[in-house]
Amino acid sequence: MKIAIIFGAVSYEHEISIVSAIAMKDVLKEEVVYIFCDKNREFYHIPTDEIKSKLFSSGAYTKYPKLTLKNGGFFQKSLMKEKKVAFDVALNLSHGADGEDGKIASLLSFFDIPFIGPRVDASVISFNKLLTKIYAKSLGIETVDYEVLKKGAYKISLAYPVIIKPLCLGSSIGVSIVREESELEYALDVAYEFDDEVLVEPFIEGVKEYNLAGVKADEFIFSIVEEPQKESFLDFDKKYLDFSRTSRVQEADVDSFLEENLKLAFQKIYGSLFEGALIRCDFFVVEGKVILNEINPIPGSMANYLFSDFTDAIKQLSKRLPKSKNIPIDYQYIHSIQQAKGK
């Protein structure tokens, strides 16, 4: 099986997408093809044996073949003709905007390219933290209390301490913990640098947090449950290193009742919306109650470190990708009108 890794794109998380993509070379036990999307949204075919982070920071990637996205795949121009880049399935590994907001999903869907990753509707819902909460509520899954502020607003109604997050951004970029009013304006200014809207939530000191990843193939394939080791929260630097993880982490010490409740919540969230994707859900547990914190539709390094057999999970998922509905276009309506007019 040949898997094309699509990474990079225009996002504040561009660099960690590169780190995630490089990690795939060590964890996927299948042939990997690399397709890089640069800051100009140009696609390049990067040789697998030459990929390294410096290639992108130096701009040296431009010496490799530029690709054109067309119906059925990515194509490389030669002197006399075009050559299609051969792969069986693409894996969307572009974190943040472009990759997780639905742009790349829409391109791959439009050009009928089989891919692993959230579809457009799943991307839109999980990329926006407010829509995520509304979605979870519709499923009967609790979330943390919140309010949303638009750029220019500096007053909150929630009690301190609070956590400030850009509404549509991941990897803890622009996130701050605010313990008193004097810290609020600066924290909001930081968040507004990255987004015109921010989410404000109560900061729950010492809350129990658990991460669970999975896919739906013939049946659900779950990862282990992880309890992240952290201080107040995982900041950008810690998450940056997290995106390059390739060794399996330790399983959380949870009882079977809690593990089952986490899996039930995950299954509800995954539903039919996330078919075709490997996602990770981050949950809080407060007084035995499972609360959704975040949905990660494209987890760092695809959360490979949580699976006993990551490659098998990807292969099983690739066999159960959503298929586009075949809509026949035969112009019967127009023909009938023309016939009625005698034309």
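Preceding this section is the structure that the text describes.
These remarks concern the structure in this document. Since this is a predicted model, take the numbers as computed values, not measurements. (Residues numbered from 1 in each chain as written. Predicted model: local features only at pLDDT ≥ 70, side-chain atom pairs only at ≥ 80, totals over all residues. Heavy atoms only, no water.)

Right, let's get into helix 4 (residues 120-127). Taken together, the buried positions of helix 4 are Ala 122, Ser 123, Ser 126 and Phe 127. Buried residues of helix 4, viewed axially, fall in a sector of 115°; they line one side. The secondary structure elements touched by the buried residues of helix 4 are helix 3 (103-110), helix 5 (129-138) and strand 17 (289-296). (Buried < 20%, exposed > 50% of the residue type's maximum accessible area, 1.4 Å probe, protein only. Helix = DSSP H or I, 4+ residues; strand = E, 2+ residues; numbered from the N terminus. Arc of directions from axis to C-beta. Contact = heavy atoms within 4.5 Å.)

We now examine unusual backbone geometry. Of the consecutive residues Tyr 160 and Pro 161, the connecting peptide bond is found in the cis state with omega at 0°. Inspection of the secondary structure assignment puts Pro 161 in the loop between strand 10 (147-150) and strand 11 (162-166). Look at Ser 301: it is not a glycine, yet its phi comes out positive at around 45°. Of note, Ser 301 is situated in the loop between strand 17 and helix 9 (310-318).

To continue, consider a nonpolar patch on the surface. A cluster of nonpolar side chains, namely Ile 327, Ile 329, Tyr 331, Tyr 333, Ile 334 and Ile 337, defines an oily patch on the protein surface of about 690 Å² accessible area. Among the secondary structure elements, Tyr 331 is positioned in the loop between helix 9 and helix 10 (332-340). Here Tyr 331 falls in the exposed class, since its relative accessible area comes to 51%. (Patch = residues over 30% accessible without salt bridge, like charges linked within 9 Å, V, L, I, M, F, W, Y side chains within 5 Å. Areas by Shrake-Rupley, 256 points an atom, 1.4 Å probe, with all protein chains shown as cover. Salt bridge = Lys/Arg side-chain N within 4 Å of Asp/Glu carboxyl O.)

Let us now look at the side chain of Asn 211. Position of Asn 211 relative to the elements: it lies in strand 14 (residues 208-216). Aside from chain neighbours lying at most four places away, what touches Asn 211 is Ile 224, Val 225, Glu 226, Pro 228, Arg 280, Cys 281 and Asp 282.

Turning to the packing of aromatic side chains, a few remarks are in order. For the structure on display, the rule yields 19 aromatic pairs. Their ring planes at 45° and their centres at 5.2 Å tell us that Phe 7 and Phe 36 sit as a pair that is tilted. One end of the pair, Phe 7, is in strand 1 (residues 2-8); the other, Phe 36, is in strand 2 (residues 31-37), and 29 residues separate them in sequence. Here Phe 7 and Phe 36 have matching classes, each one buried. Taken together, a centroid distance of 6.0 Å and an interplanar angle of 25° make the contact between Phe 266 and Tyr 270 stacked. With Phe 266 and Tyr 270 both in helix 8 (residues 256-270) and four residues apart, this pair spans about one turn of that helix. Pairwise contacts between aromatic rings join Phe 7, Tyr 34, Phe 36, Tyr 44, Phe 56 and Tyr 61 into one cluster. Lying across the ring of Phe 75, Lys 70 places its NZ or CZ 5.2 Å from the centre. Between the NZ or CZ atom of Arg 119 and the centre of the ring of Phe 115, over which it lies, the distance is 3.7 Å. (Phe/Tyr/Trp six-rings, centres within 6.5 Å; stacked < 30°, edge-to-face > 60°. Lys NZ or Arg CZ within 6 Å of the ring centre and 35° of its normal.)

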